[in-house]
Amino acid sequence: MSALSDRINNLSESQTIKMAKMGRELAAKGVDVISLSFGEPDFHTPEHIKQAAKQAMDDNFTYYTPVAGYPELRKAIVHKLKTENDLDYDFTDIVVSTGAKQAIANAILCLVNPGEEVIIPTPYWVSYSEVVKLAEGKSVYINTTVEQNFKINAEQLEAAITDKTKLFMFSSPSNPTGSLYSKTELAALAEVFERHPQVYIISDEIYEHINYVDKHESIAQFASIKDRVIIINGFSKAYAMTGWRIGYSASSKELATAFDKMQGQITSGTCSITQRAGIAAYMGGLDSVLEMRAAFKKRRDLVYGLLQEVEGLKVNLPEGAFYFFPNVTSFFGKSFNDKVINDADELSIYLLEEAHVAVVGGDSFGDPKSIRISYAAAEDKLIEAVKRIKKALGQLQ
């Protein structure tokens, strides 16, 4: 009998991490693997941010930090929310965490009781449902399709809410689809939430600045529900700071106090050096962010054109983030060298083994009909990767 708890035995492994690991293992054997599986910018952290970290060490910012983060950083976040998003918060409403993932976990574990329902539109980021599982809540899914650009409408939301609903959780721009909600679409959802005051909203905005359509819109802009919105954001995507592990939540003071309490018993404060780097990121302007966004948009347009030439893929044009999420059901039931493809996860394994391109099957994102392709890679790699994918898919009969 296993000594491990039911909690960990019931938890699924992150498929994005799993596919990246499989790709690295294959590459270690000398295989030329192109990895399009991880949600990580391939750019370096901007120099002014790295210099701030070096200066922090020289200035001896090497001691424990406040659980919720340095006041200077929290005030910088408040300034960002006001100047970029026209949202009013006090620095005491901000809790800095070891990555946005911890901020999400703080919110779910502080709000959800066993048996309470959390509504999650599909596709969703892989960790959403797993953290709900840790809280012993029940995930309720609203399914979307590529034809509707993977976005729900007010009618679907209303139909999903019950007297057990405690939380709604979504990302815009979205991981894994790149879809984003307009102000009009968010206003329609906000009207539904107005009728259900027991429902809180986690708005994951980590891809805020990778937006190819217009300025970012947050559901927290609607005053009638703002006290129930928990904004999740961070520095990893916009500032190429994935390894620095820094994110944050912005919420009501009551919720922020709870998140501080929760975090204080798990990790305490985020790395002091990382926090000083975060201050530099938010006070240093958006030039580097806009430069990276322009590169991502160019890659998106390139890959979109290439994917449209792959027969059997059903793909839409993402409005943000750096992913495509094509429907691949036309390949189910087909085979190559006695290898039969039954679902998207098997197709992703096939592409790794046959094309030596690492992507992620959609099942862990709540959509077993699709695969996620990241275009956070150099253009020559992207061209070669899609060429390999096209060839491998063409072999399936």
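Throughout, residues of each chain are indexed from 1 in the direction in which the sequence is written. This being a predicted model, a pLDDT of at least 70 is required before a residue's local features are given, and a value of 80 or more before pairs of side-chain atoms are given or counted; all residues contribute to the totals for chains, interfaces and linings. For the side-chain quantities, the full set of heavy atoms in the structure was used; hydrogens and water were omitted.

**Digging into helix H10 (residues 272-283)**
Next up, step 1: With 12 residues, H10 ought to run about 16 Å at 1.5 Å a step, and its terminal C-alpha atoms sit 17 Å apart, in line with that.
Next up, step 2: Burial of H10 is extensive: 10 of the 12 residues sit out of reach of the surface.
Next up, step 3: Only protein chains enter the accessibility calculation, which uses a 1.4 Å probe; a residue whose area is less than 20% of its type maximum is buried, one above 50% is exposed, and one in between is partly exposed. Under the scheme used here, helices are H or I runs from DSSP no shorter than 4 residues and strands are E runs no shorter than 2 residues, and both carry numbers assigned from the N terminus. Ser 272, Ile 273, Thr 274, Gln 275, Ala 277, Gly 278, Ile 279, Ala 280, Ala 281 and Tyr 282 are the residues of H10 that are buried.
Next up, step 4: Tucked into the core, H10 has its buried residues touching helix H3 (47-58), helix H4 (71-85), strand E7 (229-234) and strand E8 (247-250).
Next up, step 5: Once H10 ends, the next one or two residues include Gly 285, with phi positive near 85°. Helix span, as expected, comes to 1.5 Å for every residue beyond the first. Only heavy atoms enter the contact rule, under which two residues are in contact if any of them lie within 4.5 Å.

**Some details on helix H6 (residues 127-134)**
Next up, step 1: Summarising burial for H6: six of the eight residues are buried, a large majority.
Next up, step 2: All buried positions along H6 are accounted for by Ser 127, Tyr 128, Ser 129, Glu 130, Val 131 and Val 132.
Next up, step 3: Buried residues along H6 sit against helix H5 (100-111), strand E3 (117-121), strand E4 (138-142), strand E5 (165-171) and strand E6 (200-204).
Next up, step 4: Where H6 terminates, the next one or two residues include Glu 136, which has phi positive at roughly 65°.

**Looking at the sheet that holds strand E9 (residues 323-324)**
Next up, step 1: Pairing between strands is defined by DSSP: at least two bridges between the two strands are required. Read from one edge to the other, the open sheet built from three strands follows the order E9-E14-E13, with strand pairing classed as antiparallel. Two strands bound the open sheet, and with one partner strand each, they are E9 and strand E13 (360-361).
Next up, step 2: In the sheet, E9 pairs with strand E14 (residues 371-374) via two bridges, with the strands oriented antiparallel. When the bridges of E14 are listed, Phe 324 appears paired with Ile 373.

**A closer look at the pattern of salt bridges**
Next up, step 1: Salt bridge, as used here: a side-chain nitrogen of Lys or Arg that lies within 4 Å of a carboxyl oxygen of Asp or Glu. Going through the model one piece at a time under the given rule, you end up with 20 salt bridges.
Next up, step 2: Here Asp 42 makes a salt bridge to Arg 299, at a shortest N to O gap of 2.8 Å. Remark: Arg 299 occurs in helix H11 (residues 287-307) and Asp 42 occurs in the loop between strand E1 (34-35) and H3; sequence separation between them is 257 residues.
Next up, step 3: The class for Arg 299 is buried, based on a relative accessible area of 7%.

**A closer look at empty space enclosed by the protein**
Remark: the empty space left among the atoms is shown by a probe the size of a water molecule rolled over them.
Next up, step 1: The way it works is a 1 Å grid over only the protein atoms, where trapped points that fit a 1.4 Å probe form a cavity and open points with protein on both sides within 12 Å along at least five of seven lines form a pocket, and then any residue with an atom within 4 Å of a point lines it. Grid points are joined across faces, edges and corners, and a volume is the space filled by probe spheres set on the points. Taken as a whole, this structure holds three cavities of 30 Å³ or more when the rule is applied.
Next up, step 2: In terms of lining residues, the largest cavity is bounded by 14 residues, among which Pro 121, Pro 123, Phe 170, Ser 171 and Ser 174 are the most central.
Next up, step 3: At the level of elements, E3 and E5 are the ones that each hand at least two residues to the lining of the largest cavity.
Next up, step 4: Broken down by element, the lining of the largest cavity gets its largest block of residues, three residues, from E5.
Next up, step 5: For this classification, Asp, Glu, Lys and Arg are treated as charged, while Ala, Val, Leu, Ile, Met, Phe, Trp, Tyr, Cys and Pro are nonpolar and the rest, including Gly, are polar. Split by residue class, the lining of the largest cavity holds nine nonpolar, five polar and no charged.

**Describing the environment of Gln 156**
Next up, step 1: As for its position among the elements, Gln 156 is in helix H7 (residues 154-160).
Next up, step 2: Since its relative accessible area comes to 23%, Gln 156 is described here as partly exposed.
Next up, step 3: Along the sequence, Gln 156 and Asp 260 sit 104 residues apart, while their C-alpha atoms lie 34 Å from each other.
Next up, step 4: Excluding residues within four positions of it along the chain, Gln 156 makes contact with Ile 142, Asn 143, Gln 148 and Lys 151.

**Brief notes about the sheet that holds E3**
Next up, step 1: The strand order across the open sheet formed by seven strands is E2-E8-E7-E6-E5-E3-E4, and the pairing between neighbours is mixed. In this open sheet, the two edge strands, each paired with only one partner strand, are strand E2 (94-97) and E4. The mean inter-strand angle of the sheet, taken between neighbouring strand axes irrespective of direction, is 20°.
Next up, step 2: Looking at chain direction, E3 and E4 are connected through five bridges and run parallel. Within E4, the position partnered with Ile 120 by the bridge is Tyr 141.
Next up, step 3: Relative to E2, H4 is tilted by about 115°, and along the sheet it contacts E2, E7 and E8. Axis angles are defined between N-to-C directions and span 0 to 180 degrees, where every axis is a line fitted to C-alpha atoms and, for a helix, only to the segment in contact.

**So, the nonpolar core**
Next up, step 1: Core analysis: the biggest nonpolar cluster contains 77 residues, and Leu 36, Ile 108, Met 169, Leu 347, Leu 351 and Leu 393 have the highest contact counts within it.
Next up, step 2: Ranked by the residues each element gives to this core, the list is headed by H5, at seven residues.
Next up, step 3: Not counting residues up to four positions away in its chain, the partners in contact with Ile 108 are Tyr 128, Val 131, Val 132, Ala 135, Leu 167, Met 169 and Ile 202.
Next up, step 4: Leu 81, Ile 219, Phe 235 and Tyr 248 belong to the second-largest nonpolar core, a separate cluster that totals 50 residues. Among the buried residues, those of types Ala, Val, Leu, Ile, Met, Phe, Trp, Tyr and Cys that are joined through side-chain atoms within 4.5 Å form a nonpolar core.

All we've got here are geometric facts, nothing functional implied.
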